[in-house]
Amino acid sequence: MKYKLLVLLALSALLLVLAAQCGPTPTPEKIVETVVVKEEVEVEKEVVVTKEVEVEKEVVVEKEVVVTVEVEVPAEEEVMEEPTTLRILSLPWPQTPVEQEFANDSFTPETGIAVEITGPPYQFVESKIRELCASQSAEFDIFETDSQWYGGAILGDCIEPLDEYLAQAGMDYDEMFVQPYATYNGRWPVPNQVLRDPDLWQDYTDQPVYFLPWTIGTMILAYRPDLYEEAGIVDENGKAKAPETWDELLEAARLLTVDANGKNLTEDGFDPNNVVRYGIGWYAGRISDGITQQWLPFHASFGAEFWDSENWQAEGIINSPEAVEACETFTAFNLKERVTDPGTANWFVDELLNGAFTDKYAMNFTWVSFAGAMDNPEISETAGKWAYAPFPCYDTNGEKRCAATYGSQGIGINKYSKNKEAAWKYLEWLMSQEVQQRLIDDPRAGFASARVDLLDYQMEDEGTARWASLTSITTGYGMDVWTYPEYAQLLDIQQNYINLAYIGATDCKSALDQIAVLHQRILDTSPNNPKNK
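The sections below set out a description of the structure shown in this document.

Before going further, it helps to spend a moment on the packing of helix H11 (residues 321–335) against helix H18 (residues 487–502). Here H11 crosses H18 at 55°, and the two axes come no closer than 9 Å. If you check the angle between H11 and H18, you find them oblique. Of the residues in H18, those in contact with Cys-327, Phe-330, Thr-331, Asn-334 and Leu-335 of H11 are Ile-498, Ala-501 and Tyr-502. For the contact of H11 with H18, a count of residues per class yields six nonpolar, two polar and no charged.

In structure tokens form, the structure reads like this:
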């Protein structure tokens, strides 16, 4: 085997370099070494050759280098937290999406607190709140709820009292909002009579405040001035004149119920099977509190009550002679006079509004919030043609007794919320004069404010829905039902039997007598009845 001289020289040099790395000097040096090389020659004889080879070697000295890297670590208290999001369980009113819009463009940028408002169908909201209270759920931070449901939520211990929050914010609840509405709508328990007595509210200012005013008002009458004037229902100046009594309402409804030939109900040749526009529309179905809302103004204005709240007595009260007369007057609009669509026995909010949008009737029972939709040209054919007034009254020998279905809601804080401070900030923001006026001025919202300092501003224009509703609530028209947890049971019974009377399946006296018996059974066995404590 042949070995090359150069290869051996290279290997020797490499060994020398490695050995020299441990040397003390960093500079190149000359080294003379004797290398013994075995070289194969042609003769078959091993010859030893001695050569002096000069090798240049560079010695490298390694030094340990410590590199320090500065990393900024945030202090423990500076660690960013998840942004707060307030979840609000609301009602599906026209003001709800407008409130969400205002929160997005104002409240959230100002506070860094996000807001999500959920408004399920009205008929499901009460049961949802009951479930949340029973489970002590923190799913929602704020409730925007109807007044009839207050008792169930408060006695269920899931509504945060607001008195301390108000005091810390320097807000005087009794002076900030319209009375006696504010006491009835925010404090609990407070009897219904407070709504109709201008001074009685002062006896209840020691009751806790649980809710701030989310809406204010009563049900009102909507009517078409153009159709009134066409039918001759006018004042001395030839302008449409809203009815002031139930008799006047019925007469107007008869003149405004017209068939396909243009004849009204009072004229010969009127075709009851071909009506194109009825005199009045309302929802008289059993869903939620539908028919109760329409019947209540008759019931209360005739002098009837639902119960004696001090003694928890229903029998002899809800079925009094005055109650029977009121029921018969109400049901006659459908059964005898036929001035309303018979389909109203199954109507609720959607059907009522669709009828208004498509010119199916000339008058209706409505709310400020619904009026905003009725006057919206993007969805209503009759937008701009409506005027509004407080409900007609019952005329007893020249003395008028008036009533209207109370329809106000409150906004409160869930006692189990993990964001109570943020929730209170939202309530303060929503109740501020600036935001309340924005809601008033936005026609999409159909909103009326309970702030005293905005009352005159809202009542400047007579004939508007806001004017009619605030006139009604501030002059003692308001009438409510029950605000105790038994509300749902009592209402269900009432809805069924008044609806049966409305369609003629039973007479008013029988219906009211049955209601009285069943209501009394519930009241007698209620754990909230003082007699059972």
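Here we come to the pattern of salt bridges. Applying the stated criterion across every chain, the model contains 21 salt bridges. Its salt-bridge partner being Glu-116, residue Arg-87 comes within 3.5 Å of it at the nearest N-O pair. Of this pair, Arg-87 sits in strand E3 (residues 85–89) while Glu-116 is found in strand E4 (residues 114–118), placing the two residues 29 residues apart along the sequence. Residue class for Glu-116 comes out partly exposed when judged on its relative accessible area of 40%. Of the charged contacts, one joins Arg-187 and Asp-174 as a salt bridge, the two residues approaching to 3.1 Å between their closest N and O atoms. Of this pair, Arg-187 sits in the loop between helix H7 (181–186) and strand E6 (212–213) while Asp-174 sits in helix H6 (residues 173–176); the two residues are 13 residues apart in sequence, bridging distant segments of the chain. Within the structure, one salt-bridge network assembled from shared partners comprises Arg-87, Glu-116, Lys-128 and Glu-139.

Turning our attention to a negative patch on the surface. A contiguous patch of negative charge, built from Glu-322, Glu-325, Glu-328 and Asp-507, is present on the exposed surface. Its location among the elements puts Glu-325 in helix H11.

The next thing to look at is the nonpolar core. Inside soluble globular proteins, nonpolar side chains tend to come together where they are buried. In terms of nonpolar packing, the biggest core is built from 160 residues, with Leu-212, Met-363, Phe-365 and Tyr-426 touching the most fellow members. Apart from residues lying up to four places away in sequence, Leu-212 is in contact with Leu-162, Leu-166, Tyr-173, Asn-185, Gln-409, Gly-410, Ile-411, Trp-424, Leu-427 and Met-431.

What follows concerns the packing of helix H2 (residues 95–111) against helix H14 (residues 420–431). Between H2 and H14, the shortest axis-to-axis distance is 11 Å and the interhelical angle comes to 115°. Where H2 crosses over H14, the two elements pack in a sense that is right-handed. Between H2, through Glu-99, Phe-102, Ala-103, Ser-106, Phe-107 and Glu-110, and H14, the contact on the second element is made entirely by Ala-422, Lys-425, Tyr-426, Trp-429 and Leu-430. Along the lines of polarity and charge, the residues of the contact of H2 with H14 split into seven nonpolar, one polar and three charged.

Criteria and thresholds
Residues numbered from 1 in each chain as written. Predicted model: local features only at pLDDT ≥ 70, side-chain atom pairs only at ≥ 80, totals over all residues. Heavy atoms only, no water. Axes fitted to C-alpha atoms, helices over the stretch in contact; angles between N-to-C directions. Helix = DSSP H or I, 4+ residues; strand = E, 2+ residues; numbered from the N terminus. Parallel < 35°, antiparallel > 145°, perpendicular 65-115°, else oblique. Contact = heavy atoms within 4.5 Å. Nonpolar A, V, L, I, M, F, W, Y, C, P; charged D, E, K, R; others polar. Salt bridge = Lys/Arg side-chain N within 4 Å of Asp/Glu carboxyl O. Buried < 20%, exposed > 50% of the residue type's maximum accessible area, 1.4 Å probe, protein only. Patch = residues over 30% accessible without salt bridge, like charges linked within 9 Å, V, L, I, M, F, W, Y side chains within 5 Å. Areas by Shrake-Rupley, 256 points an atom, 1.4 Å probe, with all protein chains shown as cover. Lys, Arg positive; Asp, Glu negative; His and termini not counted. Charge placed at Lys NZ, Arg CZ, Asp CG, Glu CD. Core = buried A, V, L, I, M, F, W, Y, C linked by side-chain atoms within 4.5 Å. Left-handed = near helix turned anticlockwise from the far one by under 90°.

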